[in-house]
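Reading the structure
Here is how the chains run, residue by residue.
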Amino acid sequence: MTDRISRRTLLARAGALAGVGARVFLTPGSGALLADEGRGFRIGACDWSLGKAGQITALELAEQIGLDGVEVSFRSGSQNNLRSEEVRQQYLAEAKRRNVEISSLAIGEMNHVPYATDPRAEGWVTDSIDVMKRLGVHVILLPFFMEGEIKGNDSLQTAVIQRLKRVAPKAEKAGVVLGLETALGADDHLRILDRVGSEAVRVYYDVSNMLRRGYDIYKEIPQLGDRICQLHMKEKGCLLGHGDVDFVRVRKAIEAIGYRGWLVIESARVNGRDVVDCYRENLAFLHGVFHGVKDDAGSGVKGGSA
């Protein structure tokens, strides 16, 4: 029988984590911000970060950790292909059984099969819209890294814009959003979105990726505003709260734009440590920052250094 942790337990763990060294960034006025426990975010994780890419067992693991949902890989192969009605029903039944949601989908293969140049990727995006509608999922992540990189290449960006213009009407009709995750800054993202001209195409923002690429994420998030469809809560090589991202400032930024969507954990693992333990700590940390954990003086989350 799996161990689904109660929210109260998670909050208690978050307080304990803060006391034993979780790196929580406090800024002037953050105490009041953190104390607002009544406005919770749903928190999920990517199936590949759980070591379950494209596997339905990611939902069971999410239940064990205590997550609200899972970002599920949309893959081209025959195994667990969400284009199949049978597979979709299996996912929906398992999600109901485990009391978790499918927060979003992601086409990770686009990092190796570029959307800008390969018709296979263009077909996957089109197919994914039908799948999302049938699953009741509203966001899919379209990544543009590695072979799919478009930064610094105007012709590739133009090709992406043209393809997005073709598919956007279908996404609009289905009521779903295509979320672009790229190495581009906010100005370039806005330029692309404006040229596509559809509310169905937005930005999937990864706080760690963008910070490590040199962008001021605390300014970019307000600049992008409601053009952000979803966020990755991420660190590379360490747990959340032990890296470079100031998550209190992230919370301020996303609350300033009225974002109330999913917070999806990616990476944030330590080599050699069990994924369940890592993700329970990550989840507790996010509950502490985004749901509010008061210290004994009631002034905010206890701080420490990694």
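About the criteria used
- All residue numbers refer to positions counted from 1 along the written sequence of the respective chain.
- At least 70 in pLDDT is required for a residue's local features to be given in this predicted model, at least 80 for side-chain atom pairs to be given and counted, and no such filter applies to totals for whole chains, interfaces and linings, which use all residues.
- Excluded from the side-chain calculation are hydrogens and water; included are all heavy atoms of the structure.
- Only DSSP runs of H or I covering at least 4 residues are called helices, and only runs of E covering at least 2 are called strands; the numbering of each starts at the N terminus.
- For every residue, the accessible area obtained with a 1.4 Å probe (protein chains only) is divided by the maximum for its type, and the residue is called buried under 20%, exposed over 50%, and partly exposed between those limits.
- Contact criterion: two residues are considered in contact whenever any of their non-hydrogen atoms come within 4.5 Å of each other.
- Note on areas: Shrake-Rupley with a 1.4 Å probe; residue coverage comes only from the protein chains shown.
- In this description, strands pair whenever DSSP reports at least two bridges between them.
- Axes here mean lines fitted to C-alpha atoms, for a helix over just the part in contact, with angles spanning 0 to 180 degrees between N-to-C directions.
- An expected span of 1.5 Å times one less than the residue number is assigned to each helix.
- We count a salt bridge whenever a side-chain nitrogen from Lys or Arg sits within 4 Å of a carboxyl oxygen from Asp or Glu.
- Both site types are read off a 1 Å grid over the protein atoms alone. A 1.4 Å probe that fits but cannot get out defines a cavity, while an open set with protein on both sides within 12 Å along at least five of seven lines defines a pocket; lining residues have an atom within 4 Å of a point.
- Grid points are joined across faces, edges and corners, and a volume is the space filled by probe spheres set on the points.
- When residues are sorted by character, Ala, Val, Leu, Ile, Met, Phe, Trp, Tyr, Cys and Pro go into the nonpolar class, Asp, Glu, Lys and Arg into the charged class, and all the rest, Gly among them, into the polar class.

For the rest of this paragraph, the subject is the overall build of the protein. What the protein contains, in helices and strands, is 11 helices and eight strands. Taking all 306 residues of the protein together, 57% fall into the buried category. In the protein, of all internal contacts separated by at least 6 residues, the share reaching a separation of at least 24 is 78%. Carbon and sulfur atoms provide 46% of the accessible area of the protein, an area that totals close to 12700 Å².

Before going further, it helps to spend a moment on the sheet that holds strand β6 (residues 201-206). An order of β1-β2-β3-β4-β5-β6-β7-β8 is seen for the eight strands of this closed barrel, with the pairing classed as parallel. Going across the sheet, the axis of each strand differs from the next one's by a mean of 30°, ignoring polarity. Lying on the sheet, helix α9 (residues 217-224) is in contact with β6 and β7 (228-235); it crosses β6 at an angle near 160°.

In a regular helix each residue adds 1.5 Å, so 17 residues correspond to 24 Å; helix α5 (residues 119-135) covers 24 Å between its end C-alpha atoms and thus fits that length. What α5 keeps buried is the set Ala 121, Glu 122, Trp 124, Val 125, Ser 128, Ile 129, Val 131, Met 132 and Leu 135. As for α5, its buried residues are in contact with α4 (85-98), β3 (101-106), β4 (139-143), α6 (154-174) and β5 (177-181). Following α5 by one or two positions, Gly 136 adopts a phi angle in the positive range, close to 75°.

A few words on the pattern of salt bridges. One pass over the structure, following the stated rule, counts 19 salt bridges. With its nearest N and O atoms 3.8 Å apart, the salt bridge here joins Arg 98 to Glu 60. Here the residue Arg 98 occupies a position in helix α4, and Glu 60 occupies one in helix α3 (residues 57-65), the gap between them amounting to 38 residues. When its relative accessible area of 10% is taken as the criterion, Arg 98 is described as buried.

In this section: the layout of surface pockets. Each pocket or cavity is described by its volume, and for the largest pocket that value is around 380 Å³. Elements represented by at least two residues in the lining of the largest pocket include exactly β4 and α8 (207-212). Among the residues forming the lining of the largest pocket, the class breakdown is nine nonpolar, five polar and eight charged. When its volume is computed, the second largest pocket comes out at roughly 210 Å³. Along the wall of the second largest pocket there are 14 residues; nearest its centre are Ile 102, Ser 103, Gly 136, His 138 and Trp 262. Among the elements of the structure, β3 and β7 are those that each provide at least two residues to the lining of the second largest pocket. With three residues, the top contributor of residues to the lining of the second largest pocket is β3.

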